[in-house]
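# Structural features, examined
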Amino acid sequence: MPDTYLIDLVCSSTGAAVPWERLQGLSAAGRPLVCRYDLPRVAASVDRDAIAARPRGMWRWRELLPLPGGHAPVSLGEGDTPLLATPRLARELGVRRLWLKDEAGEPTGSFKARGISAAVTMALHLGARAFAVPSAGNAGGALAAYAARAGVPAHVFVPRDTPEVNQREVLLFGAQLHRIDGLIHDCGRVVAEQREALGAFDLSTLKEPYRLEGKKTMGLELLEQLGWRVPDVVVYPTGGGTGLIGVHAAIAAAAALGWLDEARQPRFVAVQASGCAPIVRAFERGQDEAALFEGAHTCASGLRVPKAVGDRMMLQILRSTGGTAIAIDDDTLMDATRELARSEGINACPEAGACIAAIRRLRASGWLRADDEVVTFNTGAGTKYVEQLPPLS
Ligand SMILES: Cc1ncc(COP(=O)(O)O)c(C=O)c1O
């Protein structure tokens with residue numbers, strides 16, 4: 001295996017390239033940097049069947065990940081989560097097939113483990129010795145765990161009213177918890193101000209290039225689990241956007257490698273909460289960028305991202321795939337979370353409940369068709385959201 005198949009990093013807005021061999025943040029244009037791989041060389045050296053035969057875990061997609069060969073990733077066994085058929089719910093919602101990729105079993109109980117594993121691994125490889133991250137909840141816990149695994153310090157900046165479980169989890173792993181009066185973008189600003197003094201590398205969503213690469217493995221697994229068939233629609237709970245962008249990137253890479261039976265993208269749906277829906281609002285207004293969503297509030301804490309650095313990338317994906325964006329209010333998304341538990345035995349996070357409610361609404365409006373094959377994601381374990389459990393009477 002050659003050193004790496006990664007060529008360089010390109011600005012998602014201007015296309016200007018920078019070397020990957022040193023720590024990078026945003027591009028010169030202030031936009032996310034994305035990885036460019038030598039895909040013809042990947043195709044010549046590995047195929048999808050060889051990867052399927054490797055030991056389980058997201059690092060088996062090694063040729064499509066940035067870490068050079070011969071180096072060990074910082075891993076807690078992330079990846080290879082189940083893709084569950086949900087036939088009863090599909091029937092009830094009126095779609096031909098509904099799949100749920102269940103990320104609840106990831107280390108620290110959310111899909112954030114994938115991105116943090118990739119980003120911590122690469123930053124350490126390139127010389128970082130401490131980390132800082134703003135978090136709406138789950139990313140902070142994931143960073144705290146992976147930093148502990150690597151034996152390096154981590155600083156997690158959360159809104160003061162972040163769910164208690166997420167905050168205490170940070171303490172459990174021995175990271176520094178910084179509670180901020182404000183929302184996640186305020187935390188992001190404090191990280192930018194303090195990172196130098198802390199000697200910490202900023203792991204904010206899409207402000208470094210590699211969290212996205214970890215998330216990409218979710219899409220690669222999904223395709224493999226579907227027998228390399230592309231579904232009609234992907235419905236994703238969207239905050240900072242790395243999940244949605246990562247799945248899209250995975251399908252683009254698989255198409256370029258000739259791994260798909262039919263090279264196309266599904267229609268992507270970004271699901272947000274009514275109390276924090278900057279992407280939905282920008283999509284509906286036909287804008288390329290999403291303005292700050294004032295007064296953001298929702299019980300689906302992972303969706304409480306009033307301003308996302310990846311806004312342009314998300315909007316571009318929604319439009320280019322014929323997708324859409326939809327906001328769900330808190331009562332409706334909580335009802336759908338309970339319905340998922342009762343009808344399929346899945347204790348999902350409220351962000352996933354929002355997706356189920358979105359599927360119902362999109363089917364009722366006719367946007368989803370009866371013969372659509374739909375994939376959605378349970379991005380986190382319902383057990384972390386103790387407040388959503390029914391009270392004892
Ligand atoms: C459970 C859960 N779902 C979805 C999201 C949104 O993910 P992204 O920021 O990749 O859009 C988050 C982010 O915190 C989350 O914790």
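Residues numbered from 1 in each chain as written. Predicted model: local features only at pLDDT ≥ 70, side-chain atom pairs only at ≥ 80, totals over all residues. Heavy atoms only, no water.

A few words now on the sheet that holds strand β6 (residues 131-134). Sheet architecture is open: 4 strands sit in the order β8-β7-β6-β9, paired in parallel fashion. Bordering the open sheet on either side are β8 (176-180) and β9 (201-202), each of which pairs with just one other strand. Two strands pair when backbone bridges link them, and β6 and strand β7 (residues 154-159) are joined in this way by 4 bridges, in the parallel orientation. Pairing of Val133 across the sheet is with Val156, part of β7. (Pairing = 2+ DSSP bridges. Helix = DSSP H or I, 4+ residues; strand = E, 2+ residues; numbered from the N terminus.)

So, on to the sheet that holds strand β2 (residues 17-18). Taken in spatial order, the 3 strands make up an open sheet running β2-β1-β3, and their pairing is antiparallel. Where the open sheet ends on each side, the last strands, each with one partner, are β2 and β3 (33-37). In this sheet, β3 lies alongside strand β1 (residues 6-11) in antiparallel orientation, the contact comprising 5 bridges. Opposite Leu9, over in β3, you have Cys35 as the bridge partner.

Take the pairing of β7 next. Among the 6 residues that make up β7, 6 are buried, leaving the element largely enclosed by the rest of the structure. Burial of the side chains of β7 extends over both faces: Ala154, Val156 and Val158 are buried on one face and His155, Phe157 and Pro159 on the other. Taken together, β6, helix α5 (residues 138-150) and β7 constitute a β-α-β crossover, and its handedness is right-handed. Two elements, β7 and β8, share 5 bridges in a ladder whose sense is parallel. Along β8, the bridge assignment pairs His155 with Gln176. (Buried < 20%, exposed > 50% of the residue type's maximum accessible area, 1.4 Å probe, protein only. Right-handed = clockwise from strand over helix to strand, strands pointing away.)

Another aspect to go through is the nonpolar core. Residues Val120, Phe131, Leu143 and Tyr210 are the most contacted members of the largest nonpolar core, which totals 92 residues. For this core, the element with the most residues is helix α4 (residues 112-125), which contributes 8 residues. Ranked by size, the runner-up nonpolar core spans 33 residues in total, among them Val95, Val235, Ile328 and Ala357. (Core = buried A, V, L, I, M, F, W, Y, C linked by side-chain atoms within 4.5 Å.)

Summarising the element assignment, Thr14 is placed in the loop between β1 and β2. You can call Thr14 exposed: its relative accessible area is 52%. On a C-alpha basis, the gap between Thr14 and Gly140 in space is 31 Å, while along the polypeptide they are 126 residues apart.

Here we come to the pattern of salt bridges. Here the structure, examined in full by the defined rule, presents 32 salt bridges. Taking the shortest distance from any N to any O, the salt bridge between Asp38 and Arg41 comes out at 3.1 Å. Residue classification places Arg41 among the partly exposed residues on the basis of a relative accessible area of 35%. Its salt-bridge partner being Glu339, residue Arg360 comes within 2.8 Å of it at the nearest N-O pair. With Arg360 in helix α13 (residues 350-364) and Glu339 in helix α12 (residues 330-344), the pair connects residues that are 21 residues apart, well separated along the chain. For Arg360, a relative accessible area of 31% corresponds to the partly exposed category. (Salt bridge = Lys/Arg side-chain N within 4 Å of Asp/Glu carboxyl O.)

On to the site of the ligand, then. Neighbouring the ligand are 16 residues; Lys112, Gly239, Gly240, Gly241 and Thr379 lie closest to it. Between the ligand and Asn138, the relevant distance is 2.8 Å, taken from an oxygen atom to a side-chain nitrogen or oxygen of the residue. Interatomic distance of 2.9 Å between a side-chain N/O atom of Thr242 and an oxygen atom of the ligand. The residue makeup of the shell around the ligand, split by class, is 4 nonpolar, 9 polar and 3 charged. (Near = heavy atom within 4 Å. Polar contact = N/O pair within 3.5 Å; in protein donor to acceptor, adjacent residues only side chain to side chain. Nonpolar A, V, L, I, M, F, W, Y, C, P; charged D, E, K, R; others polar.)

Here we come to helix α7 (residues 184-198). Ala192 marks where α7 bends most, by close to 35 degrees. Tucked into the core, α7 has its buried residues touching β6, β7, β8 and β9. Remark: Gly199 follows α7 within two positions and exhibits a positive phi of approximately 65 degrees. (Bend = angle between axes of the 7 residues up to and from the residue. Contact = heavy atoms within 4.5 Å.)

Right, let's talk about the pairing of β6 for a bit. Here β6 shows no split at all, with Phe131 and Val133 on one side and Ala132 and Pro134 on the other all buried. Pairing between β6 and β9: 2 bridges, direction parallel. In the sheet register, Phe131 faces β9, and the bridge partner there is Phe201.

On to unusual backbone geometry. One non-glycine residue, Asp80, adopts positive backbone phi at about 55 degrees. Here Asp80 is to be found in the loop between α2 (48-52) and β4 (83-85). The phi dihedral of Thr108 is positive, around 60 degrees, even though this residue is not glycine. One can find Thr108 in the loop between β5 (97-102) and α4.

What follows deals with the packing of α12 against α13. A pair of packed helices is captured by two measures, namely the crossing angle of their axes and the spacing between those axes. Orientation of α12 relative to α13, taken along the N-to-C sense of each, is 95 degrees, at an axis distance of 7 Å. When the axes of α12 and α13 are compared, the pair comes out roughly perpendicular. Only Pro350, Gly353, Ala354, Ile356, Ala357 and Arg360 of α13 make contact with α12, whose side of the interface consists of Thr332, Leu333, Met334, Ala336, Thr337, Glu339 and Leu340. Residues that form the contact of α12 with α13 fall into these classes: 8 nonpolar, 3 polar and 2 charged. (Axes fitted to C-alpha atoms, helices over the stretch in contact; angles between N-to-C directions. Parallel < 35°, antiparallel > 145°, perpendicular 65-115°, else oblique.)

The next subject is the packing of aromatic side chains. In this structure the tally under the stated criterion is 5 aromatic pairs. Where Trp228 meets Trp259, the ring centres are 5.5 Å apart and the plane angle is 75 degrees; that geometry is what we call edge-to-face. You can see Trp228 sitting in the loop between α8 (211-225) and β10 (233-237) and its partner Trp259 sitting in the loop between α9 (242-256) and β11 (267-273), a full 31 residues away along the chain. Of the two residues examined, Trp228 and Trp259, each falls in the buried class. A centroid spacing of 4.9 Å and a plane angle of 45 degrees characterise the contact between Tyr236 and Phe377, whose relative ring orientation is tilted. You can see Tyr236 sitting in strand β10 and its partner Phe377 sitting in strand β13 (residues 373-378), a full 141 residues away along the chain. In this structure an aromatic cluster arises from ring pairing among Trp61, Trp228 and Trp259. Positioned above the aromatic ring of Trp367 is the side chain of Arg267, whose terminal nitrogen or guanidinium carbon lies 4.5 Å from the ring centre. (Phe/Tyr/Trp six-rings, centres within 6.5 Å; stacked < 30°, edge-to-face > 60°. Lys NZ or Arg CZ within 6 Å of the ring centre and 35° of its normal.)

Read these as spatial facts, not as claims about activity.
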